[in-house]
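Now for the letters of each chain:
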Amino acid sequence: VQLQASGGGLVQAGGSLRLSCTASGHTFSAYHMGWFRQAPGKEREFVAAISGSGGRIRYAESVKGRFTISRDNAKNTVYLQMNSLKAEDTALYYCAKNAYWTPQYWGQGTLVTVSS
């Protein structure tokens, strides 16, 4: 399993970013996928997850209404659209291949920095 995340960067508070994670090495559409993040000095935390078909989605309370997870199974890619970014969203963002709602394999992170 390989997971390649991209799309991180520096953005001002209130701005938007779209993260992408392209997967290989497994039957992408058969698995839930998730996004997690780890801020400096903090533990990794759940952000959002989506079922294989895209029909079921979960979000952390801290990002509800601001972030949207989606997937394109034809492209083996999961996305995280992040709007209304806040300084506290600054973190290393990871995508994960899940066993249902539990992360199983991690990709490398992509850094998101929100300046206030």
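Higher on the page you've got the structure.
Attention here is on the structure that accompanies the text.

Basis of the calculations
Residues numbered from 1 in each chain as written. Predicted model: local features only at pLDDT ≥ 70, side-chain atom pairs only at ≥ 80, totals over all residues. Heavy atoms only, no water. Buried < 20%, exposed > 50% of the residue type's maximum accessible area, 1.4 Å probe, protein only. Helix = DSSP H or I, 4+ residues; strand = E, 2+ residues; numbered from the N terminus. Pairing = 2+ DSSP bridges. Axes fitted to C-alpha atoms, helices over the stretch in contact; angles between N-to-C directions.

In terms of burial, strand β4 (residues 33–38) is a largely internal element, five of the six residues being buried. Across five bridges, the pairing between β4 and strand β5 (residues 45–50) is antiparallel. Counterpart to Gly 34 in the pairing with β5 is Ala 49. Pairing of β4 with strand β9 (residues 91–99), which is carried by six bridges, proceeds in the antiparallel orientation. Bridge assignment links Met 33 to a residue of β9, and that residue is Lys 97.

Okay, the sheet that holds strand β7 (residues 67–72) next. Sheet architecture is open: four strands sit in the order β1-β3-β8-β7, paired in antiparallel fashion. Each edge of the open sheet is held by one strand with a lone partner, namely β1 (2–6) and β7. Put simply, the sheet's adjacent strands are angled 15° from each other on average, direction ignored. Strand direction decides the pairing type here: β7 and strand β8 (residues 77–82), joined by six bridges, are antiparallel. Counted as the bridge partner of Ser 70 is Tyr 79 from β8.

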